[in-house]
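Observations on the model geometry
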Amino acid sequence: MKKSNAFAKQIQDFLLTFIRCGILGWCMEILFTSAQSLRRREKKGMGNTSVFMFPIYGLAVFLKPICHLAKGLHVVLRGIIYTACIFTAEYGTGRFLQKRDMCPWDYSNSPWNVRSIIRLDYAPVWFFTGLIFERFLRAGVSEK
């Protein structure tokens, strides 16, 4: 009985962290797109996102074991690892959605795009986003 309770607790923790990562990602995306709007001198500073982005940002839950493994590494190396992970997730989910004509982003106007799905010039954004998720995921870990 104890094993099933422990497994249920792990599933519950995973789902809660998934939801929290999804919400954090949504909030960061809205702030980022709002900043871009203001930079374009749009007075309302509107930010936007898509319902599809919630589960995509929720996938950051899978950074948790990577954060644990990368704990002793230099911050620059950790940021590069997270950037690679985020680019991989963005590309995979983007291709999946693109094939179904459901991809909420289109980077075809950027000279740095890869199949209109990722923008290599966003590497610094993903670098810092990965470090934000790292801090968030580590704060949610209770050391026993």
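Not measured: the values here are computed from a predicted model. (Residues numbered from 1 in each chain as written. Predicted model: local features only at pLDDT ≥ 70, side-chain atom pairs only at ≥ 80, totals over all residues. Heavy atoms only, no water.)

Observations concerning the packing of aromatic side chains
Between two aromatic rings, the relevant description is the distance of the centres plus the angle of the planes. Quick note on the threshold: Pairing of aromatic side chains requires ring centres within 6.5 Å, counting the rings of Phe and Tyr and the six-membered ring of Trp. Pairs whose planes differ by under 30 degrees are stacked, by over 60 edge-to-face, and all others tilted. In this scheme, a residue with accessible area under 20% of its type's maximum is buried, one over 50% is exposed, and one in between is partly exposed, where area comes from a 1.4 Å probe on protein chains only. A ring is considered to have a charge above it if a Lys NZ or an Arg CZ atom is located within 6 Å of its centre and within 35 degrees of its normal.
For the coordinates displayed, the defined rule picks out 6 aromatic pairs. Plain terms: the ring middles of Phe127 and Phe128 are 5.1 Å apart, the flat faces sit at 75° to each other, and that makes the pair edge-to-face. We classify Phe127 as buried; its relative accessible area is 15%. In this structure an aromatic cluster arises from ring pairing among Phe18, Trp26 and Phe54. For Arg100, the ring lying beneath its charged end belongs to Phe96, and the centroid distance is 3.7 Å.

With respect to the environment of Phe96
Here is the rule we go by: To qualify as a helix, a DSSP run of H or I must reach at least 4 residues; to qualify as a strand, a run of E must reach at least 2; elements of each kind are numbered from the N terminus.
In this fold, Phe96 is placed in helix α4 (residues 75-99). Put simply, Phe96 and Arg138 are 42 residues apart on the chain and 30 Å apart in space, counted from C-alpha to C-alpha.

Some words on the side chain of Ser34
In plain terms, the rule: What qualifies as a polar contact is a pair of N or O atoms within 3.5 Å, subject to a donor-acceptor requirement within protein and to the restriction that residues adjacent in sequence count only when both atoms come from side chains. Contacts are assigned to residue pairs that have any heavy atoms within 4.5 Å of one another.
In this fold, Ser34 is placed in helix α1 (residues 2-39). For Ser34, a relative accessible area of 14% translates into the label buried. Polar contacts involving the side chain of Ser34 include one to the main-chain amide nitrogen of Gly47, which spans 3.2 Å. Sequence-distant contacts of Ser34, defined by excluding residues within four places in its chain, comprise Gly45, Met46 and Gly47.

Thoughts on α4
The α-helix advances 3.6 residues per turn, and as a result positions three or four apart in sequence lie on the same side. This is how it is decided: Expected helix span is given by 1.5 Å per residue-to-residue step, counting one fewer step than there are residues.
End to end, α4 covers 36 Å across 25 residues, agreeing with the expected 36 Å (1.5 Å per residue, within 8%). Within α4 the residues assigned to the buried category are Arg78, Gly79, Tyr82, Thr83, Ile86, Phe87, Glu90, Thr93, Gly94 and Leu97. Those residues of α4 that are buried lie in contact with α2 (53-58), α3 (63-69), β2 (118-119) and α5 (123-139). Positive backbone phi, approximately 55°, marks Asp101, located one or two places after α4.

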